[in-house]
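So the chains spell out like this:
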Amino acid sequence: MAPKVSPSCRLVFCLLISAAVLRPGLGWYTVNSAYGDTIVMPCRLDVPQNLMFGKWKYEKPDGSPVFIAFRSSTKKSVQYDDVPEYKDRLSLSENYTLSINNAKISDEKRFVCMLVTEDNVFEAPTLVKVFKQPSKPEIVNQAPYLETEQLKKLGDCISRDSYPEGNITWYRNGKVLHPLVGEVDILFKKEIDPVTQLYTMTSSLEYKTTKADIQMPFTCSVTYYGPSGQKTIHSEQTIFDIYYPTEQVTIQVLPPKNAIKEGDNITLQCLGNGNPPPEEFMFYLPGQPEGIRSSNTYTLTDVRRNATGDYKCSLIDKRSMIASTTITVHYLDLSLNPSGEVTKQIGDALPVSCTISASRNATVVWMKDNIRLRSSPSFSSLHYQDAGNYVCETALQEVEGLKKRESLTLIVEGKPQIKMTKKTDPSGLSKTIICHVEGFPKPAIQWTITGSGSVINQTEESPYINGRYYSKIIISPEENVTLTCTAENQLERTVNSLNVSANENREKVNDQAKLIVGIVVGLLLAALVAGVVYWLYMKKSKTASKHVNKDLGNMEENKKLEENNHKTEA
């Protein structure tokens, strides 16, 4: 209960002045509010029955009061004092609860609820605390890259609009970074906006990186106090490009191949393991003591076997840091002797050799007219069937595309050779004469006949195979004849003859024919006679039957006649 007011001071003005020096018996009460929300402050006093009015005030830093709201218990009306910072922001309820909308940092004061009766003033103080959550921290002014073994500013972590001020913490891969002389340096500063009274916190990090920091995420966080206690907000992760010097160089051949052959184009590529990688190198070729300055690649075109050797590269400024590789240029030579088109005579000898020179063992294959041979050809005495197209082919199995081939077109020539044979038909009526010819180029065959006789089949030729073929005729000579076979090609004209006698069985054949004709004619005559006799016999038999009674004496004579007829018929 507040002290009693002097009876001489009955006026409201005196009561309020007296209240300024009175202190309530209630303890401190705090209301926490978020920035921008509505501050709600209950009066926390029991309303007395003889209440005249209620009033709210706040205290300035020097302790002087500023009245802001008044409510009469009888008229139920509310009056708000002309305080610019609270214009249109206050609301006083019937139970004397004061609400302040759109909480600001400047609202953080000590407010007092006053209930006034005729003889007493009751007070209840309330302390208002306003909190503002800061913005999500972000890492700005980031270094484009960091260099190993150098203390360099990584960036600034900034968080804005906080109340009260927050605290910023740095992390590497989720672990807190603490200041460490020469390695980690953290500088924190805060600024307050004179209008909003909100804080902006900035933390700058200087960091000495190593290769272990490659791809490591860096983050920061802000820790602040809110109406419900302490909270933390983290930034997004940031990964920095770490520069470090080259410690090793390597050399490789492009494009990657299992083997390199003559005629290939190859590119040497030199790489350093630093970041950023070196852009220029020195290349050293076999037999050339002076290096060639180039970018990280050096190309050799149409390489030959003499390009085999060790290739090296180094840094421009550190020539002791060198890398090397050995390149073997594979080669394959083939020499066929003889080669091209070769013409030889039948019976000649022809040595053939296919010589191989290669960087490693090579396989050799012989083909004749696209058919694989079991062994290499060798000719001690040429035959017509030896003619053809020979190919010697070689390859290196381990080297893709490395193969060689040469060809030999062998032509075997020969003068025409003739052999004549004779064959008599089983009937004996004709004879087959065959002229066998051998030679190349293909000889032309011509027949001539001396004597008379009919040619049943003038010519018939066989296919020309391996320099041989034949021609035959079938003849039926009427007398002894001579057949001549002529064979001719570009080399020579050859003639051969064969005497053919008339058919020995022709007279026997004629006699047999005459005999057959005679037999046939005899049989025809006999048949005619028998027919005439039979006709006569039948006629006489009819006459005899009519006169049988008259002329019995002639029976003997008729019998004899009949017997004679039978004999004749037989």
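Computed from a predicted model, the values in this text were never measured in an experiment.

1. Topic: the overall build of the protein
Turning to step 1, where the next piece is worked out: Counting secondary structure elements, the protein contains three helices and 42 strands.
Turning to step 2, where the next piece is worked out: A separation of at least 24 residues holds for 60% of the contacts in the protein among residues at least 6 apart in sequence.
Turning to step 3, where the next piece is worked out: Taken as a whole, the protein presents about 34000 Å² of accessible surface, with 50% of it coming from carbon and sulfur.

2. Remarks on the side chain of threonine 432
Turning to step 1, where the next piece is worked out: As for its position among the elements, threonine 432 is in strand β37 (residues 431-440).
Turning to step 2, where the next piece is worked out: Every residue in contact with threonine 432, bar those within four places of it in the chain, is listed here: Thr421, Lys422, Lys423, Lys472, Ile473 and Ile474.

3. Notes on the state of the cysteines
Turning to step 1, where the next piece is worked out: Taken as a whole and judged by the stated rule, the model has five disulfides.
Turning to step 2, where the next piece is worked out: The residue that forms a disulfide with cysteine 157 is cysteine 220, at a sulfur-sulfur distance of 2.0 Å. As the torsion about the S-S bond is roughly 75°, the cysteine 157-cysteine 220 disulfide counts as right-handed. Taken as a pair, cysteine 157 in strand β12 (residues 151-162) and cysteine 220 in strand β17 (residues 217-226) lie far apart in primary sequence, 63 residues in all.

4. A few points about the sheet that holds β12
Turning to step 1, where the next piece is worked out: One open sheet holds the four strands; their spatial order is β10-β12-β16-β15, and the pairing between them is antiparallel. Only two strands of the sheet have a single neighbouring strand rather than two, namely β10 (138-140) and β15 (184-192). Averaged over all adjacent pairs, the angle separating strand axes in this sheet is 25°, with direction ignored.

5. Regarding the packing of aromatic side chains
Turning to step 1, where the next piece is worked out: Taken as a whole, this structure holds eleven aromatic pairs when the rule is applied.
Turning to step 2, where the next piece is worked out: Ring geometry for tyrosine 86 against phenylalanine 111: centres 6.3 Å apart, planes inclined by 80°, an arrangement best described as edge-to-face. Within this pair, whereas tyrosine 86 is found in the loop between β5 (78-80) and β6 (90-92), its partner phenylalanine 111 is found in strand β8 (residues 110-116), the two being separated by 25 residues in sequence.
Turning to step 3, where the next piece is worked out: You can call tyrosine 86 buried: its relative accessible area is 3%.
Turning to step 4, where the next piece is worked out: Each ring, one from tyrosine 464 and one from tyrosine 469, has its centre 5.7 Å from the other, and the planes form 80°; the classification is edge-to-face.
Turning to step 5, where the next piece is worked out: Look at tyrosine 469 and you get buried, because its relative accessible area is 5%.
Turning to step 6, where the next piece is worked out: Its guanidinium or amino end placed over the ring of tyrosine 58, lysine 109 lies 4.9 Å from that ring's centre, counting from NZ or CZ.

6. Here we look at the pairing of strand β42 (residues 493-500)
Turning to step 1, where the next piece is worked out: Judged from the eight bridges that link them, strand β41 (residues 481-488) and β42 form a sheet pairing that is antiparallel. Residue pairing for β42: threonine 482 is matched across the bridge by asparagine 499.
Turning to step 2, where the next piece is worked out: Hairpin connection of β41 to β42: four residues between the antiparallel strands.

7. A closer look at the pattern of salt bridges
Turning to step 1, where the next piece is worked out: One pass over the structure, following the stated rule, counts 25 salt bridges.
Turning to step 2, where the next piece is worked out: Between glutamate 123 and lysine 57 there is a salt bridge, and its shortest N-O distance comes to 3.8 Å. With a gap of 66 residues between them, glutamate 123 in strand β9 (residues 121-131) and lysine 57 in strand β3 (residues 53-59) connect regions that are remote in the sequence. Residues glutamate 123 and lysine 57 agree in their burial class; the two are buried.
Turning to step 3, where the next piece is worked out: Between arginine 360 and glutamate 398 there is a salt bridge, with the nearest N and O atoms lying 3.8 Å from each other. Placement of arginine 360 in the loop between β32 (353-358) and β33 (363-368) and of glutamate 398 in the loop between β35 (388-395) and β36 (403-424) is noted, with a sequence separation of 38 residues between them.
Turning to step 4, where the next piece is worked out: Its relative accessible area of 46% is what places glutamate 398 among the partly exposed residues.
Turning to step 5, where the next piece is worked out: Ionic contacts of the salt-bridge type, sharing partners, join the residues Lys257, Lys261 and Asp264 into one network.

8. Description of the side chain of aspartate 386
Turning to step 1, where the next piece is worked out: Looking at the element boundaries, aspartate 386 is found in the loop between β34 (371-372) and β35.
Turning to step 2, where the next piece is worked out: For the buried aspartate 386, no salt bridge exists, and the shortest N-O distance to an oppositely charged side chain is 5.4 Å, to lysine 368.
Turning to step 3, where the next piece is worked out: A polar contact of 2.8 Å, which involves the side chain of aspartate 386, links it to the backbone nitrogen of histidine 383.
Turning to step 4, where the next piece is worked out: Setting aside residues up to four positions removed in sequence, aspartate 386 forms contacts with Lys368, Phe379, Ser381 and Leu410.

9. Details of the pairing of β17
Turning to step 1, where the next piece is worked out: With nine of its ten residues buried, β17 lies for the most part within the structure.
Turning to step 2, where the next piece is worked out: Across six bridges, the pairing between strand β13 (residues 167-172) and β17 is antiparallel. Bridge pairing in β17 links isoleucine 168 to valine 222.
Turning to step 3, where the next piece is worked out: Bridging between β17 and strand β19 (residues 238-239) involves two bridges; their strand directions are antiparallel. Paired with proline 217 across the two strands is isoleucine 239, which belongs to β19.
Turning to step 4, where the next piece is worked out: Here β17 runs beside strand β18 (residues 229-234); their pairing, made up of six bridges, is antiparallel. When the bridges of β18 are listed, serine 221 appears paired with histidine 234.
Turning to step 5, where the next piece is worked out: Adjacent in sequence and paired antiparallel, β17 and β18 are bridged by two residues.

10. Some words on the sheet that holds strand β23 (residues 266-272)
Strands pair in a sheet through their backbones, by hydrogen bonds, and they do so in one of two ways: parallel or antiparallel.
Turning to step 1, where the next piece is worked out: Read from one edge of the open sheet, three strands run β21-β23-β26, paired in antiparallel fashion. The open sheet has two edge strands, β21 (249-254) and β26 (297-300), and neither has a second partner. Looking at each pair of strands side by side, their axes are set apart by 20° on average, direction ignored.

11. Points about the nonpolar core
Turning to step 1, where the next piece is worked out: Within the largest apolar cluster, 50 residues are counted, with the highest numbers of intra-cluster contacts made by Met41, Trp56, Ile68, Leu98 and Phe111.
Turning to step 2, where the next piece is worked out: Both domain 1 (30-131) and domain 2 (138-243) contribute no fewer than three residues apiece to this core.
Turning to step 3, where the next piece is worked out: Listed in part, the 20 residues of the second largest apolar core include Val249, Cys313, Met321 and Val329.

12. With respect to the confidence of the model for the protein
Turning to step 1, where the next piece is worked out: Confidence in the prediction for the protein averages 85 pLDDT; 84% of positions are at 70 or higher.
Turning to step 2, where the next piece is worked out: Segment residues 505-513: pLDDT under 50, and two contacts once partners within four positions in sequence are set aside and those in other chains are kept.

13. Regarding the environment of serine 93
Turning to step 1, where the next piece is worked out: Locating serine 93 in the fold gives a position in the loop between β6 and β7 (98-100).
Turning to step 2, where the next piece is worked out: With a relative accessible area of 27%, serine 93 lands in the partly exposed category.
Turning to step 3, where the next piece is worked out: Expressed as a C-alpha distance, the spacing of serine 93 and proline 42, which sit 51 residues apart in the sequence, is 9.4 Å.
Turning to step 4, where the next piece is worked out: A polar side-chain atom of serine 93 sits 2.3 Å from a polar atom in the side chain of asparagine 95.

14. A few points about unusual backbone geometry
Turning to step 1, where the next piece is worked out: Here the residue pair asparagine 275 and proline 276 is connected by a cis peptide bond, since its omega of -5° sits within 30 degrees of zero.
Turning to step 2, where the next piece is worked out: With respect to the helices and strands, the residue proline 276 is situated in the loop between β23 and β24 (281-284).
Turning to step 3, where the next piece is worked out: Despite not being glycine, aspartate 302 shows a phi value in the positive range, around 50°.
Turning to step 4, where the next piece is worked out: For aspartate 302, the location among the structural elements is in the loop between β26 and β27 (309-315).

Parameters at a glance
- Residues numbered from 1 in each chain as written.
- Predicted model: local features only at pLDDT ≥ 70, side-chain atom pairs only at ≥ 80, totals over all residues.
- Heavy atoms only, no water.
- Helix = DSSP H or I, 4+ residues; strand = E, 2+ residues; numbered from the N terminus.
- Contact = heavy atoms within 4.5 Å.
- Areas by Shrake-Rupley, 256 points an atom, 1.4 Å probe, with all protein chains shown as cover.
- Disulfide = S-S within 2.5 Å.
- Pairing = 2+ DSSP bridges.
- Axes fitted to C-alpha atoms, helices over the stretch in contact; angles between N-to-C directions.
- Phe/Tyr/Trp six-rings, centres within 6.5 Å; stacked < 30°, edge-to-face > 60°.
- Buried < 20%, exposed > 50% of the residue type's maximum accessible area, 1.4 Å probe, protein only.
- Lys NZ or Arg CZ within 6 Å of the ring centre and 35° of its normal.
- Salt bridge = Lys/Arg side-chain N within 4 Å of Asp/Glu carboxyl O.
- Lys, Arg positive; Asp, Glu negative; His and termini not counted.
- Polar contact = N/O pair within 3.5 Å; in protein donor to acceptor, adjacent residues only side chain to side chain.
- Core = buried A, V, L, I, M, F, W, Y, C linked by side-chain atoms within 4.5 Å.
- Domains from an automatic or database assignment.
- pLDDT = per-residue confidence, 0-100.

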